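# Examining the three-dimensional arrangement
Each chain, letter by letter, is given below.
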Amino acid sequence: MNDVVAVVGAGTMGTGIAQVAALAGHQVLLLDTAPGAADRAVSGIRERVKTLVTRGKIDADPDALDLTAVDSLDALASAGLVIEAIVEDLAVKRRLFADLERAVGPECVLASNTSSLSPTAIAAGLERPDRVLGLHFFNPVPRMRLVELIAGADTAAELADWTAALVERWGKTVVRAAATPGFIVNRIARPYYAEAWRLYEERAAAPEVIDAVLTGAGGFPMGPFALMDLIGHDVNEAVTRSVWTAFGQDPRFAPAPAQRALVEAGRLGRKSGRGVYGYGPDAPPPEATAAAPRPVPVGEVTFNGAADLHPLLTRAEVDFRVGALSNDTVVLPSGALLVRSTGATATELVEEHGRALIVVDRTLDDATASAVAIAPCDGCPEEALDEAIGLLQAAGLAVHVVDDTPGLIVTRTVAMLVNLAADALQQGVATAADIDTAMRLGAGHPLGPIAWGDRWGAETVDEILAALQESYGEPRYRRAPLLRRRALTGATLTGAE
């Protein structure tokens, strides 16, 4: 196979792929059916590369890039690899690949930059389905390192290996995914958006609070609402709907009515000037208002076997006493309890503990978290809530008081991400290492979901999901069989003891 790379589709993704391939030293042919689109894309690539060179970002000669705009499929006859980056429509892609099969040589690899369609379906009816595979790049292509490689049912293993090695020479990290709906990232990432929408629809917290907690406590680089505004609600909702439909309307992937309403109203996010938040010179930036300062509680604070809360609370310069009980609670001076979220609401836990109670959300890292969410039980005395807020503020945390909702914010979101990752792992969608790599590089998550599940422990994640399912009575929160087994044996999600 030769080193000529052809890209069909001169939109944002196709242009990005062409730029990366050209900078890697390939002769690149760029084709688009829209008159003049390929020529404009080639000029745009040269200008962008020139800017990057001027800024010292890369070392390249923009004029030396071997980039050519072509106007017919016949001009792609010399290609060793063709990457299709056109509309996400199965019928349209099938027609293109049938035409490509006739236009290119017998050794040429045919790849689709599909984000959700199966290469098996795309290759259906071709004489050589063995040379068809998926190469899912992420936007913006020049900056995003991840590429999902998806082999179809007939894809030749040696062609998949050759393509993976080639793309890795472009500076990309390739992960292998089975040809299932959403592949890795678009399948496993759905709860990051879905749980945020559910919290919003239940009025558990304002969007800016949900975003602030998932960034300040969860370590995510961008909150889900700000991220959806950036992606575009039309795009994000369409991906969710596509995965949901492909999985037979599985409630774990169900689209949110509130997001559908935004799309119907034309509030698509940054590109329309308004989404969940407003944009433009007159729009104030979204800002979550944390709880007002409270005094550090005066009196004895007691740990009762609450090792889970110890790293978070001992950031405060407060004297603690070790209690005799082993029920993982912290006793405030008023006698109210602090407990770490395991999915149940504070009000549900009052019956178990027999006193007023406040649930504390989980974090990515208790030593470095800058924010946390808490939820008081119904009827919680104001004195107890003030003590909890004051203690956590003394630990250097912005405290966000949310409604008494199952799993709060970080706890439920991460548990659902871990659950879908365990499900994908069990079904052979990808290896544990590739799942974690994909979610870190493709979705920007601070920790892969398999690693996060092992950090919290399968038993804890299983308990959280069981509480969510009990509270809502929905199959949305059903636990992956692999997670259940690991919870019962105490093993990691990958099976290590």
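Per chain, the residues get numbers from 1 upward, laid out in the order the sequence is written. Confidence filtering applies because this is a predicted model: local features only for residues at pLDDT of at least 70, side-chain atom pairs given and counted only at 80 or more, and all residues used for totals across whole chains, interfaces and linings. Remark: hydrogens and water are excluded; side-chain values derive from all non-hydrogen atoms of the structure.

## Overview of the side chain of E237
Let me state the cut-off plainly: The secondary structure listing takes helices from DSSP runs of H or I that are at least 4 residues long and strands from runs of E that are at least 2 residues long, numbered from the N terminus. Exposure is judged per residue with a 1.4 Å probe applied to protein chains only, and the accessible area is read against the type maximum: over 50% gives exposed, under 20% gives buried, and values in between give partly exposed. In the analysis that follows, any N or O atom pair within 3.5 Å is treated as a polar contact, provided that within protein one partner can donate a hydrogen and the other can accept it, and provided that, for residues neighboring in sequence, both atoms belong to side chains. Pairs of residues are marked as contacts when any of their non-hydrogen atoms sit within 4.5 Å.
Within the element layout of this structure, E237 appears in helix α10 (residues 233-246). A residue is classified by how much of its surface remains accessible, and E237, at 2% relative accessible area, is buried. Polar side-chain contacts of E237 include one of 2.5 Å to the side chain of R241. Ignoring any residue separated from it by four or fewer positions in sequence, one finds E237 in contact with P255, Q259, R260 and V263.

## Focus on the packing of α10 against helix α11 (residues 257-264)
The line we're drawing: Only the stretch in contact is used when fitting a helix axis, every axis being a line fitted to C-alpha atoms; angles between N-to-C directions are given from 0 to 180 degrees. Roughly parallel refers to an angle under 35 degrees, roughly antiparallel to one over 145, roughly perpendicular to one between 65 and 115, and oblique to any angle outside these ranges. Crossing handedness follows the turn of the near helix against the far one: under a right angle anticlockwise gives a left-handed crossing, and clockwise gives a right-handed one. Classification used: nonpolar for Ala, Val, Leu, Ile, Met, Phe, Trp, Tyr, Cys and Pro, charged for Asp, Glu, Lys and Arg, polar for all others including Gly.
At their nearest, the axes of α10 and α11 sit 9 Å apart, and the two run at 135° to each other. Here α10 lies oblique to α11, going by the angle between them. Viewed along their axes, α10 and α11 form a crossing whose handedness is left-handed. In contact with H233, D234, N236, E237 and R241 of α10, α11 contributes Q259, R260, L262 and V263. Counted by class, the contact of α10 with α11 contains two nonpolar, three polar and four charged residues.

## A look at the sheet that holds strand β12 (residues 337-340)
We count it as follows: Between any two strands, at least two bridges found by DSSP are needed for them to pair.
Strand order in the open sheet formed by seven strands is β10-β9-β11-β12-β13-β14-β15, with mixed pairing between adjacent strands. The open sheet has two free edges, formed respectively by β10 (320-322) and β15 (398-401), since each of these has just one partner strand. Neighbour-to-neighbour, the strand axes of this sheet turn through a mean angle of 30°, independent of strand direction. Here β12 runs beside strand β13 (residues 357-360); their pairing, made up of four bridges, is parallel. From the neighbouring strand, R340 faces β13, where its bridge partner is V360.

## Points about the pairing of strand β1 (residues 5-8)
Stated formally: A crossover counts as right-handed when, viewed with the strands pointing away from the observer, the path leading from the first strand over the helix to the second turns clockwise.
The two faces of β1 match: V5 and V7 on one face and A6 and V8 on the other face are all buried. As defined by bridge partners, β1 adjoins strand β2 (residues 28-31) across four bridges and the pair is classed as parallel. Pairing of V8 across the sheet is with L31, part of β2. Following the backbone out of β1, through helix α1 (residues 12-23) and into the adjacent parallel β2, one traces a crossover that is right-handed.

## What about the sheet that holds strand β4 (residues 81-84)?
Each strand in a sheet pairs with its neighbour through backbone hydrogen bonds, running either in the same direction (parallel) or in the opposite one (antiparallel). Across the sheet, which stays open at both edges, the eight strands sit in the order β3-β2-β1-β4-β5-β6-β7-β8 with mixed pairing between neighbours. Unpaired on one side and paired on the other, β3 (67-70) and β8 (173-177) mark the two borders of the sheet. For this sheet, the mean inter-axis angle between neighbouring strands, taken without regard to orientation, is 25°. Here four bridges tie β4 to strand β5 (residues 109-112), and the two strands are oriented parallel to one another. Bridge assignment links L81 to a residue of β5, and that residue is V109. The strands touched by α1 are β1, β2, β3, β4 and β6 (132-137); relative to β2, the strand with the most contacts, the crossing angle is about 170°. Against the sheet, helix α3 (residues 90-103) touches β1, β4, β5 and β6, its axis set at about 165° to β5.

## Concerning the packing of α1 against helix α2 (residues 37-54)
Two elements in contact, α1 and α2, have axes separated by 10 Å at closest approach and are oriented at 60°. One way to sum up the angle between α1 and α2 is to call them oblique. α2 is crossed by α1, and the crossing has right-handed handedness. In this structure, α1 uses T15, A18, Q19 and L23 to contact α2, whose residues at the interface are A41, I45, R48, V49 and L52. Along the lines of polarity and charge, the residues of the contact of α1 with α2 split into six nonpolar, two polar and one charged.

## Examining the environment of A443
Among the secondary structure elements, A443 is positioned in helix α16 (residues 432-443). What makes A443 partly exposed here is its relative accessible area of 24%. Taking C-alpha positions, A443 is 7.2 Å from A189, a pair spaced 254 residues apart along the chain. With residues up to four places along the chain from it excluded, the contact list for A443 reads V185 and A438.

## Observations concerning the environment of R485
Note on placement: R485 falls in helix α19 (residues 481-489). Owing to a relative accessible area of 43%, R485 belongs among the partly exposed residues under this scheme. Considering only alpha carbons, one finds R485 and D462, 23 residues apart in sequence, at a separation of 9.7 Å.

## Points about the state of the cysteines
In a disulfide, the sulfur atoms of two cysteines are covalently bonded to one another. Rules: We call a pair of cysteine sulfur atoms a disulfide whenever their separation is within 2.5 Å.
Considering all chains together, one arrives at zero disulfides under this definition. Lacking any disulfide linkage, C377 is separated from the closest cysteine sulfur, that of C380, by 4.6 Å. Looking at C377, the relative accessible area reads 7%, which means it is buried.

## Points about the packing of aromatic side chains
Which entries qualify depends on this criterion: In this scheme Phe, Tyr and Trp rings, the latter by its six-membered ring, pair at centre separations within 6.5 Å, and the angle between planes marks the pair as stacked below 30 degrees, edge-to-face above 60, and tilted otherwise.
Per the stated rule, a full pass over the model turns up eleven aromatic pairs. Summarising the aromatic geometry, the rings of W452 and W456 are spaced 6.2 Å apart at their centres and angled 75° between planes, so their arrangement reads as edge-to-face. Note that W452 and W456 are positioned in helix α17 (residues 449-456) at a spacing of four residues, about one turn of the helix. For W452, a relative accessible area of 2% puts it in the buried group. According to the relative accessible area criterion, W456 is buried, its value standing at 12%.

## Regarding the nonpolar core
Filter applied, for reference: Here the nonpolar core consists of buried residues drawn from Ala, Val, Leu, Ile, Met, Phe, Trp, Tyr and Cys, with membership extended through side-chain atoms lying within 4.5 Å.
Grouped together as the largest cluster of nonpolar side chains are 112 residues, with contacts concentrated most on I184, L338, I374, I409 and I435. Residue contributions to this core peak at eleven residues, all from helix α15 (residues 410-426). What I374 contacts, discounting residues up to four positions off in sequence, is I358, V359, V360, L385, A388, I389, L392, V399, H400, V401, V402 and L408. Within the second largest apolar cluster, 39 residues are counted, among which are A38, A111, L133 and W170.

## A short note on unusual backbone geometry
Residue P140 is bonded to the preceding N139 through a cis peptide linkage, with omega at 0°. In this model, F183 sits at a positive phi of 55°, which is unusual for a non-glycine residue. Its place among the elements puts F183 in the loop between β8 and α6 (185-188). For Q249, which is not glycine, the phi dihedral falls at a positive 60°. You can see Q249 is positioned in the loop between α10 and α11.

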